[in-house]
Amino acid sequence: MSGGGSAPPFGPLGVMRSWLRLSGSPRARRGSGAWWAWLVVILGILYFFVPLAATLEFSLRACAPPNQPCTAPDFSAYANTFDDPFFFSTLAFSFVVGLVTIVISLLIIVPTAYWVRLRVPRLRPVVEFVTLLPFVIPPVVLVFGLIRIYSRPPLLVTATNFGSVALLVAAYVVLSFPYMYRAVDAGLAAMDVRVLTEAAQSMGAGWRKILWSVIFPNLRTAALSGAFLTLAIVVGEFTIGNFLAPYGFGPYISLLGRDKIFEPAAVSLISFGLTWLAMIFLALVGRGRGSRVQVAGAR
Amino acid sequence: MSSAEQTTPVTAPKRPARTASTWSWLGVLPFFLWAVMFIALPAAFLFVGSFLLRDGSVGLQNYADLTTGAILPAFANSIYLSFFSALIGAIFGFLLAAAVILGNLPRFMRSALMTFSGVASNFAGVPLALAFVFTLGNLGLVTKMLAETFGFNLRATGFSLYSMEGLILVYLYFQFPLMVLVIAPSIDGLRREWREAAENLGATPYQFWRKVALPILMPSILGAGILLFGNAFGAQATAFQLSGGTIPLATLMISSQMSGDVLFNPGLGYAVAMGMVAIMAVSIVAYSVLQRRSESWLRR
């Protein structure tokens, strides 16, 4: 939808654009407003990339005291990171927690969204409201309430490690509701749920068969985009994890940030790379569908 | 898709499921059970607890006590931080989205910006705080470069990464990417015909923006700004990592109340949490009202 200009702007940028042959869109507009656009974009790029560049630079300075320059890039911060068994164990923990969260979230949200569309549309506003609650109740408040209620006698869950991790997964499933519901509901809107259901019914399929063999395969793209977003949120999550079961990647980076100097820079960059990977998969999966708004968590 | 069903027997259409109406709500039961156990119950616990006073009686004293001690400044700081990071994030995010959509830029920049915004709006919390320490902390790259290249002492100007202004700068890293994601569909929704009509009537670009585009976009912009406000208001990890919990913010107050009863009154801690929920609820309601209003113009 972006309009390529009919006439390139002045200076090196104009040369670069004609060199890249990027002009000549049918939607050419008058007025050379492009200089402000370039200004804004360059400012944005600087703000985006300077912290990343600084982190990269810092992560390569492990050879000397922090205020001395290295003669050559030193990769020992990365070597130390990959030698650290906690790096892999916490990452694996977060990843598994993320996968379990995704599976439970799908098992809850897909039948709910399907059922709301097909049978109980009057419940739609209620369901939508509930899926928005994780935005109203910030994670720190949610974990506050969870700890208070599930760590004392009638409902003592956090006494065991397993109980704490299960509670963590339960909280993450709640966090995933807004993204998962929107993604799945958008996926359902793109197909004719009623016709598909009736066709399957008339061939003798039961509800479980319909959900598993008809609805779910059609939802694969939508479910995947909800899943990657959930994974991106869960893997780096700190607030809830730190209080309920601090064995994940977020609490690990936080602790590292206090104990070490250069390794945190390396791990922060790796974490950024992981987020990037999840988003690239998200973009690949969601290609061809309208751009949807994604609001993130894990601040 | 519809042609396939034409071959099925005529009995199919509109056949209700067995005992549909009475039991149909059962299909959404797991969802609501989950929501009750892991959202409603904890929230209700905090809500009820906020009315229990230290001496065992029931009353509103905890809410009255929100104005005492460090609580009011913490809320004020949280609101200050959220307001300004939302304001700056909304303005700059809008400009950035407008730049790639309307600014005659190469087309690939749009998808690059969108993907990057997805990443950056998710790149928050601990790694983000660390990245800014490496940038603008005492040993950070930019701090060092300013000092060595220009002889400019950043700290002498009074700037500190660990102050409110520093936090605003850090929060912007996830604020304006979010603004870009939220506002881009609305800017896309500006119809070309509106601009052409304005131009035919002799409007300058300034007049077009002032009288047509901005009034149409205003509900979306305001709504997105409120979303950004809530986004910053509920954030805990970034500020916690930067300050170790020492900056007085509402979220940090709750987390330290959780680790140890720093307010010396559990009920007061619950009241602080409820205060946060109230502010978040107001902003989410305002957001959805504005969103609905903007949809009436921008629906395609």
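These numbers come from a predicted model, not from an experiment. (Residues numbered from 1 in each chain as written. Chains lettered and ligands numbered in written order. Predicted model: local features only at pLDDT ≥ 70, side-chain atom pairs only at ≥ 80, totals over all residues.)

### So, the overall build of chain A
Working step 1: Each helix and strand counted, chain A has 13 helices and zero strands in total.
Working step 2: The secondary structure elements of chain A, listed N-terminal to C-terminal, are α-α-α-α-α-α-α-α-α-α-α-α-α.
Working step 3: Within chain A, the fraction of its 299 residues that count as buried is 47%.
Working step 4: When contacts within chain A are restricted to residue pairs at least 6 apart in sequence, those whose partners lie at least 24 apart make up 72%. (Helix = DSSP H or I, 4+ residues; strand = E, 2+ residues; numbered from the N terminus. Buried ≥ 20, exposed ≤ 12 C-beta atoms within 10 Å, placed from the backbone. Contact = placed C-beta atoms within 7 Å.)

### Comments concerning the packing of helix H6 (residues 126-136) of chain B against helix H8 (residues 164-188) of chain B
All names here are of chain B.
Working step 1: At their nearest, the axes of H6 and H8 sit 10 Å apart, and the two run at 130° to each other. One way to sum up the angle between H6 and H8 is to call them oblique. Our pair here, H6 against H8, has a crossing hand that is right-handed. Residues Leu128, Ala129 and Phe132 of H6 form the contact with H8, whose own contacting residues are Val170, Tyr173 and Phe174.
Working step 2: Here the contact of H6 with H8 is built from residues that sort into six nonpolar, no polar and no charged. (Axes fitted to C-alpha atoms, helices over the stretch in contact; angles between N-to-C directions. Parallel < 35°, antiparallel > 145°, perpendicular 65-115°, else oblique. Left-handed = near helix turned anticlockwise from the far one by under 90°. Nonpolar A, V, L, I, M, F, W, Y, C, P; charged D, E, K, R; others polar.)

### Concerning the environment of tryptophan 276 of chain A
Working step 1: Looking at the element boundaries, tryptophan 276 of chain A is found in helix H13 (residues 263-285).
Working step 2: The spacing of tryptophan 276 of chain A and leucine 188 of chain A is 88 residues in sequence and 27 Å in space, taken between C-alpha atoms.

### A few points about the nonpolar core
Working step 1: In this structure, Ala171 and Val184 of chain A are the most contacted members of the largest nonpolar core, which totals 174 residues.
Working step 2: Not counting the four nearest positions on each side in its chain, valine 184 of chain A is found in contact with Ile109, Val110, Ala113, Leu219, Ala222, Ala223 and Gly226 of chain A. (Core = buried A, V, L, I, M, F, W, Y, C linked by C-beta atoms within 7 Å.)

### Digging into the interface of chain A and chain B
Many descriptions give the size of an interface as the accessible area lost when the pieces come together.
Working step 1: Taken together, the contact pairs 90 residues of chain A with 88 residues of chain B.
Working step 2: The element that contributes the greatest number of residues to the side of chain A that touches chain B is helix H2 (residues 34-59) of chain A, accounting for 13 residues.
Working step 3: Classifying every residue of the side of chain A that touches chain B gives 59 nonpolar, 23 polar and eight charged.

### What to know about the confidence of the model for chain A
Residue and element names in this part refer to chain A.
Working step 1: Confidence along chain A averages 81 in pLDDT terms, with 82% of residues attaining 70 or more.
Working step 2: Here residues 1-33 is modelled with pLDDT under 50, and outside its nearest four sequence neighbours on either side it reaches 46 contacts, counting other chains as well.
Working step 3: Confidence drops under a pLDDT of 50 for residues 290-299, and excluding neighbours within four residues, the segment shows 35 contacts in the predicted structure. (pLDDT = per-residue confidence, 0-100.)

### Focus on unusual backbone geometry
All names here are of chain B.
Working step 1: In the Ramachandran plot, phenylalanine 264 falls in the positive-phi region, its phi being about 55° despite a non-glycine side chain.
Working step 2: If you trace the backbone, phenylalanine 264 turns up in the loop between helix H12 (250-259) and helix H13 (266-298).
Working step 3: For phenylalanine 264, a count of 11 C-beta atoms within 10 Å translates into the label exposed.

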